[in-house]
Amino acid sequence: MTGERFKTRDFGNVFRLIYSEKQCTRQQISAKLGISLPTVTHNLNLLEESGLIYNAGAQQATGGRKAHMFQCIANARLALGIDITRHHLSLVLINMNLDILCKKRFRCTFEDSHAYFENLRNEIEQLLSESQTDPGKLLGIGISMPVIINRDQKSISYATVINLSGNIYERMASHIPYPFLLFNDANSAGLAESWFSDSSETITYLFLGSSVGGAYMTGRQIQNGANRRAGEFGHMCIVPGGAPCYCGQKGCLDAYCSAKVLSDFTDENLSVFFEELKKGENPGYLKIFNQYMDHLAIAVKNLRMCYDSDIVLGGSVGPYMADYINEFRKKVSSLNPFEQNGDYVRVCHYQTEAAAVGAAIYYINEFIEDL
């Protein structure tokens, strides 16, 4: 971590500007922050000494003296994200630019047990070893799970998709020798989407994974609600008295639009389902998918009515919707009394382990904001 002697307002502001702008000259920093060139130069020197930025060379110019550009060192700090689901475990190592440096995903049924957490520790250590990560650069580990997390990011207020003990954080802490916090999977995936798209617009992120959830965000700010249950879209009733949901109710969106609604037909392999769908040899797959889209269209229409924002389809199903987005938009627009097209529906930008990446982003953001 950067030494305390660097902890000045200008130090952090200069770094944050370079980070947000990707590249900056001394003159640009001085103008945008309203500080003198000598002060800019002093802080640039400190940032270079700390290993956070580097001189990226001269700016292209048509004449006169070329100004030097400064850029953040992407690998100056790293964060690890883990996504735990009922049947899979994903790990991703990201840098300051949110590049995925190393990742792994494999089938692993969750158990609240010593053996599971010891295996988790081994996988963490193996990934860090294989990526030759300097432990001093690792900011922390964000662990994404299909549960509702309290404000302390350590305790659970609701867990049904996977069964957890009340002291899950303490049980994990005895196996994980690094700072870590817990995060809701849908919120994490939504956060990854907002960082990737780098937009200040309000969006509603619909997480279509092994369970259905979501996030309502303005820029990078997630609206959690009074009880941190905002975005639990999976428990909207779309078919009164319909199929049973794991929550104990009937007709919930989760019962109709979770990823397993599709993957259950291909031995829990979602990619195989869409491969078979594309072949067009089995009309049963097309019927199943059309029913899936019909139910999903009802949910998207309702979210549009509630939030009047763009709707982003994410989770494990979201990326596959790219090939069917025009057809799906027609279904949505046919239900919308105000709009004739469904252009406000789009597929997620971040299509690789979004929940794990979003959990790791917490530590990247904390580092940047605390400088």
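Further up the page is the structure itself.
Described in the following lines is the structure provided in the data block. Please read these numbers as outputs of a predicted model, since none were measured by experiment.

### Focus on the overall build of the protein chain
Moving on, step 1. Tallying secondary structure elements over the protein chain gives 12 helices and 15 strands in all.
Moving on, step 2. Here the C-alpha atoms of the protein chain give a radius of gyration of 23 Å, agreeing with the 21 Å that 2.2 N^0.38 yields for 371 residues.
Moving on, step 3. In terms of principal-axis extent, the alpha carbons of the protein chain reach across some 70 × 55 × 45 Å.
Moving on, step 4. Burial analysis of the protein chain (371 residues in total) assigns 50% to the buried set.
Moving on, step 5. For the protein chain, long-range pairs separated by at least 24 residues make up 61% of all intrachain contacts whose partners lie at least 6 apart in sequence.
Moving on, step 6. As displayed, the protein chain has an accessible area near 17000 Å², and 46% of this comes from carbon and sulfur atoms.

### Some remarks on the environment of Cys 102
Moving on, step 1. Relative to the helices and strands, Cys 102 is located in strand E6 (residues 100-107).
Moving on, step 2. Given a relative accessible area of 16%, Cys 102 falls into the buried group.
Moving on, step 3. Distance in space between the C-alpha atoms of Cys 102 and Val 92 is 5.8 Å, their sequence separation being 10 residues.
Moving on, step 4. Ignoring sequence-local partners within four residues, the contact set of Cys 102 consists of Leu 91, Val 92, Leu 93, Leu 127 and Ser 131.

### Some thoughts on the packing of aromatic side chains
Moving on, step 1. For the coordinates displayed, the defined rule picks out 17 aromatic pairs.
Moving on, step 2. When the ring of Phe 273 is compared with that of Tyr 285, the centres are 5.2 Å apart and the planes differ by 70°; the resulting orientation is edge-to-face. Of the two residues, Phe 273 sits in helix H9 (residues 270-279) while Tyr 285 sits in helix H10 (residues 283-307), which places them 12 residues apart along the sequence.
Moving on, step 3. On the basis of relative accessibility, which here comes to 0%, the residue Phe 273 falls in the buried class.
Moving on, step 4. Here the aromatic cluster, defined as three or more aromatic residues joined through ring pairs, consists of Phe 273, Phe 274, Tyr 285, Phe 289, Tyr 292, Tyr 320 and Tyr 324.
Moving on, step 5. Of note, Arg 304 hangs over the ring of Tyr 344, and the distance from its end group to the ring centre comes to 3.9 Å.

### Digging into helix H4 (residues 114-130)
Moving on, step 1. For H4, built from 17 residues, the straight-helix expectation of 24 Å at 1.5 Å per residue is met to within 8% by its first-to-last C-alpha distance of 24 Å.
Moving on, step 2. Those residues of H4 that are buried lie in contact with strand E4 (78-84), strand E5 (88-95), E6, strand E7 (138-145) and helix H5 (168-173).
Moving on, step 3. Among the residues trailing H4, Gln 132 stands out with phi positive, at a value near 55°.

### Details of helix H6 (residues 185-197)
Given 3.6 residues per turn, any residue in an α-helix points the same way as the ones three and four places further on.
Moving on, step 1. For H6, spanning 13 residues, the distance from its first C-alpha to its last is 19 Å, which sits close to the expected 18 Å at 1.5 Å a residue.
Moving on, step 2. Within H6, 11 of the 13 residues are buried, leaving the element largely enclosed by the surrounding structure.
Moving on, step 3. Within the sequence span of H6, burial applies to Asp 185, Ala 186, Asn 187, Ser 188, Ala 189, Gly 190, Leu 191, Ala 192, Glu 193, Ser 194 and Trp 195.
Moving on, step 4. Directly beyond the C-terminal end of H6, a positive phi value near 50° is found at Asp 198.

Reading the values: rules and limits
Residues numbered from 1 in each chain as written. Predicted model: local features only at pLDDT ≥ 70, side-chain atom pairs only at ≥ 80, totals over all residues. Heavy atoms only, no water. Helix = DSSP H or I, 4+ residues; strand = E, 2+ residues; numbered from the N terminus. Rg over C-alpha atoms; globule rule 2.2 N^0.38 Å. Buried < 20%, exposed > 50% of the residue type's maximum accessible area, 1.4 Å probe, protein only. Contact = heavy atoms within 4.5 Å. Areas by Shrake-Rupley, 256 points an atom, 1.4 Å probe, with all protein chains shown as cover. Phe/Tyr/Trp six-rings, centres within 6.5 Å; stacked < 30°, edge-to-face > 60°. Lys NZ or Arg CZ within 6 Å of the ring centre and 35° of its normal. Expected span 1.5 Å × (residues − 1).

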